[in-house]
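Report on the structure
Here is how the chains run, residue by residue.
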Amino acid sequence: MSSRPTRRSLWSRLLPASVALGTLIASTASGPAATASTGAAGTGTNPVVVWDANAQTAIWDVAAQQPNEQVRSFAMVNGAVYDAVNAIAGTPYQPYLLAPAARGTESVQAAVATAAHGVLAALFPAQQERLRTQYDEALAAIPDGPSKRGGVRVGARAADAMVVARQDDGAFGDQQWTNGTEPGQWRPTPPLFLSQGAWTGHMRPFLLPRASLFRTPGPPPLTSRAYARDVTEVAEVGSASSTVRTQDQTEAALWWHDRRSANWEIKRQLATTQRLNALQTARFFAMTDLVVADSGVACFSQKEHWSYWRPVTAIQQADADGNPATAADPDWTPLLVTPPFPEYPSGHACGTGARMSLYRHFFGRDDVPFSGSSADSGTTRHFGSFSEALDELIGARVWGGVHFRSADLDGAALGEAVFRYAVRHHFRPLR
């Protein structure tokens, strides 16, 4: 399977405008006891972590996919890896697509490498040579024999199933956003006036039965007090020239906006610090990436439904919104470059709401510390809990001037709803 050739969209390469312009059952995280076949943490390199990093190189460093594209690719890779490792472990959990026939003696390292490579090679045919070299080097480190050959067979079956399952799934379709002219209606935003990603809400979900399963209540009416509060807040704290936004808030806005998402580093960090074995890691990564991918599909479906204007449009044209508590500022610009699609609900909040809910569920606690680095902000941010990170993201999109707070709150709630459905119906223990 090949995706449309991608490159870094110009909007995401620009510097910020201010510069350039619940408790879980014990089996969830612990799973079966770590054995040689499941790759006990601490006994060697975790192949699932290694190939997730390899996937990041292909998806972002080389292909430069944007966030709505990245999540599909990560979900495909880690969904296939999970099915392969789960099968070798004796299928203790619900498979995602299938459980390839396995005796339990197959090499997990070979299976993970083969599953990940198979999906990546199908997604990125232009990277075939580089990926093949990487794959051959991984296999060369595994002793030849029945275990290696068995792992290759299981991994190949899982990769093939994923590639076939995602054919004609609606990704990279030709749908277009509706450009409005009335107050509250979305239209392309400065400085580039782009319109991208409308296909996302039409892509077939990984776990949900349909993209529109969950709906958001909608943004506040333009004449309401709630709307005026939203506008006033982002106008003050999200402006490129804001005098009330703190340095830490500025750094947070930049950190969370980085298209080279720190969430990838955090996911691998949690697998390491929480000492997950290969089976646990494969399940954790697959649950995370498939849930986040579906939160994006659900979110973009709602973006299309509401087709709501961005803060830069709302503030510059506030004299037309019919609300006496808002005031137009035709020269207002946000700290960050506004993404090229409708505002409500917040896509980043949908994904982060789903992600942090899943993390809290998987580890059975909220207070797990973690950190992540951003090249855009040049900083590393530290969090003491998953809820703390979500709270900061909700504020950060306002501080960056690209979202109203109501869009962030409703986006996070939508992401949590997707998570709850997913864990009720998928990835459950079978024994």
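1. Concerning the overall build of the protein chain
A tally of helices and strands in the protein chain yields 15 helices and two strands. By the burial criterion, 60% of the 431 residues in the protein chain qualify as buried. Working note: accessible area of the protein chain is about 16700 Å², and carbon and sulfur atoms make up 52% of it.

2. Brief notes about the pattern of salt bridges
If you walk through the whole model with that rule in mind, you get 14 salt bridges. For Asp144, the salt bridge identified is with Lys148, shortest N-O distance 2.8 Å. Note on Asp144: relative accessible area 68%, which makes it exposed. Look at Lys148 and you get buried, because its relative accessible area is 13%. Taken together, the shared-partner salt bridges connect Asp52, Lys267, Arg268 and Asp289 into one network.

3. Brief notes about the side chain of Ser377
Residue position: Ser377 is located in the loop between β1 (370-374) and β2 (379-383). On the basis of relative accessibility, which here comes to 15%, the residue Ser377 falls in the buried class. Among the polar contacts made by the side chain of Ser377, one reaches the side chain of Thr379 at a distance of 2.6 Å. Aside from chain neighbours lying at most four places away, what touches Ser377 is Glu251, Leu254 and Trp255.

4. Considerations on the side chain of Thr281
With respect to the helices and strands, Thr281 occurs in helix α11 (residues 278-306). Thr281 sits in the buried class, given a relative accessible area of 0%. A distance of 2.9 Å separates the side chain of Thr281 from the side chain of Asn46, its partner in a polar contact. Apart from the residues within four sequence positions on either side, Thr281 is in contact with Asn46, Val48, Val49, Ala271 and Leu276.

5. A look at the packing of aromatic side chains
Enumeration according to the criterion identifies 21 aromatic pairs in this entry. Just above the ring of Phe285 sits the side chain of Lys267; from NZ or CZ to the centre is 4.8 Å. Sitting above the plane of the Phe300 ring, Lys303 keeps its charged end 5.8 Å from the centroid.

6. With respect to empty space enclosed by the protein
Roughly 40 Å³ of volume is contained in the largest cavity. Thr189, Leu192, Phe193, Leu194 and Thr338 are, among the ten residues lining the largest cavity, the residues nearest its centre. Looking at the lining of the largest cavity, its residues break down into eight nonpolar, two polar and no charged.

7. Let's talk about the pairing of β1
Counting buried positions along β1 gives four out of five residues, so the element sits mostly inside the fold. Both β1 and β2 contribute to a ladder of five bridges, which runs antiparallel. Looking at β2, one finds that Ser371 is bridged to His382. Taken together, β1 and the strand that follows it, β2, pair antiparallel across an intervening segment of four residues, in which Gly378 is found at a positive phi of about 70 degrees.

8. Points about helix α14 (residues 386-399)
Think of an α-helix as 3.6 residues a turn; residues three or four steps apart then line up on the same face. Helix length check: α14 (14 residues) gives 20 Å between terminal C-alpha atoms against 20 Å at 1.5 Å per residue, within 8%. In terms of residue burial, α14 counts as a mostly covered element, since eleven of its 14 residues are buried. Listing the buried residues of α14 in full gives Phe386, Ala389, Leu390, Glu392, Leu393, Ile394, Gly395, Ala396, Arg397, Val398 and Trp399. Backbone geometry just after α14 places Gly401 at a positive phi near 80 degrees.

9. Quick notes on the packing of helix α3 (residues 47-62) against α11
One way to put it is that α3 packs onto α11 with a least axis distance of 8 Å and a crossing angle of 35 degrees. Where α3 abuts α11, its residues Val48, Val49 and Asp52 lie against Ala278, Thr281, Ala282, Phe285 and Asp289. Of the residues belonging to the contact of α3 with α11, the class tally is five nonpolar, one polar and two charged.

10. Here we look at the nonpolar core
Of all hydrophobic cores here, the largest spans 110 residues; its most connected members are Val81, Phe206, Leu270 and Phe284. Other than its neighbours up to four places away in sequence, Val81 contacts Val48, Val112, Ala115, Ala116 and Ala282. One finds Phe214, Ala298, Cys350 and Leu414 within the second-largest nonpolar core, a separate group that totals eight residues.

11. Observations concerning helix α5 (residues 108-123)
Between its terminal C-alpha atoms α5 stretches 23 Å, which fits the 22 Å expected from 16 residues at 1.5 Å a residue. Where burial is concerned, most of α5 is hidden: 14 out of the 16 residues are buried.

12. A word on the packing of helix α13 (residues 347-363) against helix α15 (residues 405-425)
Two numbers describe how α13 lies on α15: the axes approach to 7 Å, and their chain directions differ by 45 degrees. Here α13 lies oblique to α15, going by the angle between them. In this structure, α13 meets α15 at a crossing whose hand is right-handed. Every residue of α15 that contacts α13 at Ala349, Cys350, Gly353, Ala354, Ser357, Leu358 and His361 is listed here: Asp408, Gly411, Ala412, Leu414, Gly415, Glu416, Phe419 and Val423.

Rules of the game
- Residues numbered from 1 in each chain as written.
- Predicted model: local features only at pLDDT ≥ 70, side-chain atom pairs only at ≥ 80, totals over all residues.
- Heavy atoms only, no water.
- Helix = DSSP H or I, 4+ residues; strand = E, 2+ residues; numbered from the N terminus.
- Buried < 20%, exposed > 50% of the residue type's maximum accessible area, 1.4 Å probe, protein only.
- Areas by Shrake-Rupley, 256 points an atom, 1.4 Å probe, with all protein chains shown as cover.
- Salt bridge = Lys/Arg side-chain N within 4 Å of Asp/Glu carboxyl O.
- Polar contact = N/O pair within 3.5 Å; in protein donor to acceptor, adjacent residues only side chain to side chain.
- Contact = heavy atoms within 4.5 Å.
- Phe/Tyr/Trp six-rings, centres within 6.5 Å; stacked < 30°, edge-to-face > 60°.
- Lys NZ or Arg CZ within 6 Å of the ring centre and 35° of its normal.
- 1 Å grid on protein atoms, 1.4 Å probe; cavity = no way out; pocket = protein on both sides within 12 Å on 5 of 7 lines; lining within 4 Å.
- Points joined across faces, edges and corners; volume = space filled by probe spheres on them.
- Nonpolar A, V, L, I, M, F, W, Y, C, P; charged D, E, K, R; others polar.
- Pairing = 2+ DSSP bridges.
- Expected span 1.5 Å × (residues − 1).
- Axes fitted to C-alpha atoms, helices over the stretch in contact; angles between N-to-C directions.
- Core = buried A, V, L, I, M, F, W, Y, C linked by side-chain atoms within 4.5 Å.
- Parallel < 35°, antiparallel > 145°, perpendicular 65-115°, else oblique.
- Left-handed = near helix turned anticlockwise from the far one by under 90°.

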